[in-house]
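Summary of the model geometry
Each chain, letter by letter, is given below.
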Amino acid sequence: MLSFLLLIALASAHQIHFSNGTSGAEEWSRKYGEQIDLPFTGPLSFSHLPYSKCLDSPSTLFDIAILGLPFDTGVSYRPGARFGPFAIRSGSRRQREAGGYTLAWGLNPYESGSRVLDCGDVPVSPFDNALAIDQMEVAYSTLLGRDVARNDSIENSLTMALAKDGKEHPKIISLGGDHTIVLPILRSLHKVYGPVSVIHFDAHLDTWAIPPEGMTEQSRVTHGTFFFLAAEEHLMTNTSIHAGIRCKLGGMEDIVNDVAVGFELISADDIDDLGVPEIIRRIRERVGNSAVYLSLDIDVIDPGLAPGTGTPEAGGWTTREVKRILRGLAGLNFVGADVVEVAPAYDHAEVTSIVAADIIHDLLSLMLSVDRSLPARVAK
Ligand SMILES: [Mn+2]
């Protein structure tokens with residue numbers, strides 16, 4: 001509503017300006033000013049951001065890229081997350097750079113001076129998973145290797161010292177896609193930062209060990225096994241952490257394996273027993289000052305609030321709880337983030353897409369927050 005009123009005000013200002021001064025302008029611009037896209041009009045990009053096929057355009061620089069990775073052939077249950085990037089962009093249509101201020105963060109991420117671009121989708125093969133995973137790694141590495149748009153950008157300098165080459169690298173917020181996309185992402189990040197710590201919001205562990213016996217090498221690479229494979233490749237530190245876990249397990253041997261992969265675990269029930277501030281404290285303590293990758297599977301949220309996903313689990317966190325935890329993570333050394341497993345075919349009234357788009361606004365706020373102290377409302 002606020003942004004709509006803002007648009008009306010902008011449109012009125014243009015009208016006054018042109019009717020007072022410009023002669024010879026075309027009737028539309030003379031009478032109504034600039035053609036401003038409304039929330040429900042215009043080409044589709046995340047939050048109406050400038051859209052660029054960044055992979056085809058080496059001179060296009062940015063500080064943060066929104067990048068679609070429409071891969072969904074690593075799922076164990078319901079497919080459809082290849083439409084996730086489209087759905088999240090659609091769910092973001094009421095967001096825009098103007099009017100992005102939130103009371104919760106006390107900032108508008110688009111007013112930080114950093115350049116945020118929608119870099120489009122990586123055209124991944126839907127026919128060959130090995131090819132698709134290489135395409136994702138090459139695309140991610142290509143964008144990660146670009147210079148940042150601003151040399152003096154504060155948020156990038158936070159992780160500058162962590163990069164092996166001592167340079168500033170842009171951040172990428174990926175739109176999944178199923179969760180398998182994190183394997184090629186971690187491979188790319190490893191080349192720049194070495195092993196990273198992962199903060200993983202999910203109903204599921206995604207660390208399952210698949211014994212190689214009787215399997216092809218490729219069939220081990222799934223949305224439930226990629227963290228196990230990432231640990232085999234030493235892409236992560238042993239100080240990673242899950243949040244929101246509540247899936248059924250084979251038994252405690254799954255947890256023993258999970259610890260060996262490098263994860264501590266915060267369960268869905270812990271939000272009642274520990275509360276939000278203690279969960280925030282544990283996550284911050286676990287990852288410390290390391291380079292941090294944040295991966296958010298939309299199924300961490302209760303399926304009543306985010307039904308459009310591939311492997312829903314009852315009894316999840318609310319959107320508000322997840323948003324409050326995210327706010328408490330401000331100031332960590334984030335090198336990238338994603339929202340994955342949005343599958344709009346199982347969604348209703350864009351409920352899940354709107355949640356995902358809103359969380360990405362929070363991720364931008366998280367990365368562009370210059371205040372490294374805990375937000376006051378969370379610190380209490
Ligand atoms: Mn997952």
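Residues numbered from 1 in each chain as written. Predicted model: local features only at pLDDT ≥ 70, side-chain atom pairs only at ≥ 80, totals over all residues. Heavy atoms only, no water.

As a reminder of what qualifies: UniProt positions are given in the numbering used here, feature names are shortened, and annotations may be inferred rather than shown by experiment.
In the annotation of an unreviewed UniProt entry, the entry for the chain reads Arginase/deacetylase, and the organism field reads Rickenella mellea. Within the UniProt record for the chain, the comment given under Sequence similarities (unreviewed entry) is "Belongs to the arginase family. Agmatinase subfamily."

Side note on the side chain of His48
Stated precisely, the cut-off is as follows: Think of it this way: any DSSP run of H or I at least four residues long counts as a helix, any run of E at least two long counts as a strand, and we number them from the N terminus. Polar contacts here mean pairs of N or O atoms no more than 3.5 Å apart (in protein, one a potential hydrogen donor and the other a potential acceptor; neighbouring residues in sequence count only if both atoms are side-chain atoms).
Examined against the element boundaries, His48 turns out to sit in the loop between helix H2 (27-32) and strand S1 (64-69). Within the structure, His48 has its side chain in polar contact with the backbone oxygen of Arg93 (distance 2.8 Å).

Some words on the coordination of the manganese ion
We apply this condition: A donor here means any N, O or S atom no more than 2.8 Å from the metal (3.2 Å for Na, K and Ca); water is not included, so a site may seem to lack partners. Only protein chains enter the accessibility calculation, which uses a 1.4 Å probe. A residue is then buried if its area is under 20% of the maximum for its type, exposed if over 50%, and partly exposed in between.
Coordination sphere of the manganese ion, protein contribution only: His179 (ND1), Asp202 (OD), Asp206 (OD) and Asp297 (OD), at 2.1 to 2.3 Å. Mapped onto the sequence, the residues coordinating the manganese ion show the spacing H-x22-D-x3-D-x90-D. Linking Asp202 in the loop between strand S4 (197-201) and helix H7 (226-232) with Asp297 in strand S7 (residues 291-297), this pair joins segments that are 95 residues apart in sequence. Its relative accessible area of 2% is what places Asp297 among the buried residues.

So, the sheet that holds strand S8 (residues 333-340)
Under the convention used in this document: A pair of strands is considered paired only if DSSP assigns at least 2 bridges between the two. Note on method: axes are straight lines fitted to C-alpha atoms, helices fitted across the in-contact stretch only, with angles between N-to-C directions ranging 0 to 180 degrees.
Ordered in space as S2-S1-S3-S8-S7-S4-S5-S6, the 8 strands form an open sheet in which the pairing is parallel. Every other strand in the sheet has two partners, leaving strand S2 (116-121) and strand S6 (263-267) as the edge strands with one partner each. The sheet shows a mean angle of 15 degrees between the axes of neighbouring strands, taken without regard to direction. Examined bridge by bridge, S4 and S7 share 5 bridges and lie parallel to one another. Its bridge partner lying in S7, Ile199 is registered against Leu294.

With respect to the environment of Ile88
The condition is simple: Residue contacts follow a heavy-atom distance rule, with two residues in contact if any of their heavy atoms lie within 4.5 Å.
Tracing the chain through its elements places Ile88 in helix H3 (residues 84-91). Not counting residues up to four positions away in its chain, the partners in contact with Ile88 are Phe46, Leu175, Gly176, Val339, Val342, Ser353, Ala356, Ala357 and Ile360.

Overview of the UniProt feature "binding site: Mn(2+)" (unreviewed entry) in the chain
Under the local residue numbering, the UniProt record ascribes the feature "binding site: Mn(2+)" (unreviewed entry) to His179, Asp202, His204, Asp206, Asp297 and Asp299. Across 121 residues, the annotated set stays spatially compact, with a maximum C-alpha separation of 12.2 Å. The class of His204 is buried, set by a relative accessible area of 10%. Excluding residues that lie within four positions of it along the chain, His204 makes contacts with Ile245, Cys247, Asp299, Thr311 and Glu313. Take Asp206: it is sitting in the loop between S4 and H7. You can call Asp206 buried: its relative accessible area is 3%. Separated by 3.5 Å, the side chains of Asp206 and His200 make a polar contact.

Regarding the pattern of salt bridges
Note the following rule: One speaks of a salt bridge when a side-chain nitrogen belonging to Lys or Arg is within 4 Å of a carboxyl oxygen belonging to Asp or Glu.
Taken as a whole and judged by the stated rule, the model has 15 salt bridges. Between Arg93 and Glu350 there is a salt bridge whose closest N-O contact spans 3.3 Å. Placement of the pair is Arg93 in the loop between H3 and S2 and Glu350 in the loop between S8 and helix H12 (351-368), with a sequence separation of 257 residues. One salt bridge connects Asp362 with Lys323, and the closest N-O pair in it is separated by 2.8 Å. You can see Asp362 sitting in helix H12 and its partner Lys323 sitting in helix H11 (residues 319-327), a full 39 residues away along the chain. With respect to class, Asp362 is no different from Lys323; both count as buried.

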